[in-house]
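# Overview (structure and organization)
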Amino acid sequence: MGNMIKTIDVTDSLTNLKDACDLESGRISGKIFYDQAIYEQELEKVFARCWLFVAHESQIPKTGDYITTTMGEDEVIVIRQKSGGIKVFLNACPHRGNKICFSESGSARGFICNYHGWSFNVEGNLVGQHESGVYEDSNFDKSKWGLKEVANVDSWKGLVFATFDPESPSLQEYLGPMTWYLDALFDNQEGGTEFVGGCIRSTYECNWKIAAENFVGDILHAGWTHDSAARAMLGGSVAKVSDFEESYSVNWNGHGYEFALDTVGNVAVLGESALNRYIHTIKPSVAERLGDFRSNMIGSVSSCTIFPNFSFLPGQNTVRIWQPRGPNKMELFTWVVVNKSAPQEVKEKWRKGAMMTFSPTGVFEMDDGENWEYCTKTAKGRVTAQQDLFVGLGMDTLLTDTPLPANVYEGQLNEANSRAFYQYWYDMLNAKSWNEVPNRNVGKAEAE
C-alpha cells in the first residue's frame, strides 16, 4: 500500500504536477480533479488567459440586448453596442464591487447599481450617481470609472469569444485549423446558425475537466453508458463505433473533435424522422459549400470541445459551457443551435430533442452526470487521488500522410484528443506567459 502514495505538497502543487500528469506514458492522476491549489491556478492561468465562449450573436441582435454569463468565476455582461459591435464587461460596479445586473438576459439602455446608484450606459461609461454633487466636490473624474472591459472580444461564424489577457493570440490563431471542422455545424448553410429557446442551467458536483474531456474525444463511453437509455428510447443500441469504416480524432491547441462520416448517427438518436430527412435534404448543398467530406459530418456520431470549456454535439445540436465553480463543482450552461434557414418545425423538434436527451432530465445526461460526479468524488480520497488513471488508447495512430488539417488520428475509439487536452492544460499551468506555451502541433494548419 505504501508504494501507492505519492507525497505531493498541496502548497506546491505545480512544482509536482509532472507526477500527476504524464501524457507521454498515457497517465494522469485523480489529484488533478480535486486539488484546490491546482484549481486556483486554473482560474489564473487558464480561464484568465484563454479565449472563452460567451454568447452567440443571435442572442443579442439589437442595441442594448445583453446576456450575463461567466468567464471562469468572473461574472460578465455581454452587450450589443450602437455601432453593432459587442462589448463584454465585468458584472461588478467599480465603486464597491456590487453585482449590477441580476437578469440572465434582456434589453437595456444602461445599468444602475443597487448599492449607491452608480449608473452606466451600454458603452459602459459611468453617466451618473446618487448624490452626484458630493463626487463633483471631490474632484471625481467619472470618465475613469466606467465598467471594466475584457481585453479582447471577437467572433467566428456567430460564436462570440472573449479573453481577459491582452497578450493572448488572436481568436483565429487560437482556434487554428479546427475552424475547418467546426464549419460542418456552424456554417453548413447560407445565413449561419442561431440559438433557439433559452439557456438551461444546471449544477453538478464534478470537476469541469471531466465533462470537457468527455466531449473532446470520449465516444468510447457511449456504447456502454448510454446503452440502456438508447434501448428504452429507440428499441436498440447506439451505433457501434468500432464498426465504422472511417472515423477520426483531430486536435489542435487542446481543442478536440472526434467524428465519423455517417451523416446522421447523432441526429438519429433523437428519434425524429423529420430531422433525419432535413439532414439528408441539405446534404447536397452542404457538399457544394464545404465539400463531400464535411457534408458527411453534419449530424454524424461526433463531439467537440474547444479548450478549455466550450463543447457541442452535432446532430443533437446541443451547445454547452462547463463553468468552473470549484475543483469539485461546475455549473452547466446549455443551448440548442440550429440553422437559421431551417423550417420552424425542424427547429422546434431539435429543441425538444435536446430536452429529452441532453438536459438535466435528459436520459443521456443523467447517465453522464452520475459518472462525472463519482469520478470527482473518488479523487477526494488521500490515497485514491494519487492513483494512476489510464489515457493511453491510440498511442500510435497519428496520420502523417493525410490532406486533413490539424493533428489527425485514426479512429474515434482513441484517447489522443484527451491526451492533447490534458497536455495543453498542463502547459498552460506551467507557462508564465503565452510565449512559454509549447507548440506541440505536428499537423497542417490548412486543409489540402
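Residues numbered from 1 in each chain as written. Predicted model: local features only at pLDDT ≥ 70, side-chain atom pairs only at ≥ 80, totals over all residues. Heavy atoms only, no water.

Named according to an unreviewed UniProt entry, the protein chain is Ethylbenzene dioxygenase alpha subunit originating from Marinobacterium halophilum.

### Re the side chain of Gln 423
Structurally, the position occupied by Gln 423 is in helix α13 (residues 416-430). Excluding residues that lie within four positions of it along the chain, Gln 423 makes contacts with Leu 23 and Arg 440. (Helix = DSSP H or I, 4+ residues; strand = E, 2+ residues; numbered from the N terminus. Contact = heavy atoms within 4.5 Å.)

### So, the side chain of Ser 300
Assignment of secondary structure puts Ser 300 in the loop between α10 (292-295) and β16 (302-306). Excluding residues that lie within four positions of it along the chain, Ser 300 makes contacts with Phe 259, Ala 260, Asp 262, Thr 263, Val 264, Gly 265, Asn 266 and Pro 314.

### Some points on the pairing of strand β15 (residues 255-260)
Buried residues dominate β15, accounting for six of its six residues. A two-sided burial pattern is seen for β15, the buried positions comprising His 255, Tyr 257 and Phe 259 on one face and Gly 256, Glu 258 and Ala 260 on the other. In this sheet, β15 lies alongside strand β14 (residues 247-252) in antiparallel orientation, the contact comprising six bridges. When the sheet's bridge partners are listed, Asn 251 is paired in β15 with Gly 256. Here β14 folds back onto β15 in antiparallel fashion, the turn holding two residues, of which Asn 253 has a positive phi close to 50°. Sheet topology note: the β15/β16 ladder contains four bridges and is antiparallel. Note that in β16 the partner of Tyr 257 across the bridge is Cys 304. (Buried < 20%, exposed > 50% of the residue type's maximum accessible area, 1.4 Å probe, protein only. Pairing = 2+ DSSP bridges.)

### Quick look at the packing of aromatic side chains
Inspection of every chain in the model, using the stated rule, returns 35 aromatic pairs. For the pair Tyr 66 and Phe 111, a centre-to-centre distance of 5.3 Å together with 80° between the ring planes defines the contact as edge-to-face. With Tyr 66 in strand β4 (residues 65-71) and Phe 111 in strand β8 (residues 110-112), the pair connects residues that are 45 residues apart, well separated along the chain. The buried category is assigned to Tyr 66, whose relative accessible area is 7%. Ring geometry for Phe 186 and Phe 312: centres 5.1 Å apart, planes at 85°, overall edge-to-face. Here Phe 186, found in helix α4 (residues 178-186), pairs with Phe 312, found in strand β17 (residues 310-313); they are 126 residues apart in sequence, far enough to count as distant. Judged on exposure class, the residue Phe 186 and its partner Phe 312 are both buried. A cation over an aromatic ring shows up here: Arg 201 above the ring of Phe 333, its NZ or CZ 4.0 Å from the ring centre. The side chain of Lys 377 reaches across the aromatic face of Tyr 374, ending 5.1 Å from its centre. (Phe/Tyr/Trp six-rings, centres within 6.5 Å; stacked < 30°, edge-to-face > 60°. Lys NZ or Arg CZ within 6 Å of the ring centre and 35° of its normal.)

### Describing the sheet that holds strand β12 (residues 159-163)
Reading across from one edge, β3-β12-β11 is the order of the three strands in this open sheet, with antiparallel pairing throughout. Unpaired on one side and paired on the other, β3 (52-56) and β11 (152-156) mark the two borders of the sheet. Between one strand and the next, the sheet's axes are offset by a mean angle of 30°, whatever the strand orientation. When β11 meets β12, the two strands line up antiparallel, connected through five bridges. For Asp 154, the partnering residue across the bridge sits in β12 and is Phe 161. (Axes fitted to C-alpha atoms, helices over the stretch in contact; angles between N-to-C directions.)

### Looking at α4
Turn by turn, an α-helix covers 3.6 residues, leaving residues three or four places apart pointing in a common direction. For α4, the buried fraction is high: eight of the nine residues fall into the buried class. The set of residues buried in α4 consists of Met 178, Thr 179, Tyr 181, Leu 182, Asp 183, Ala 184, Leu 185 and Phe 186.

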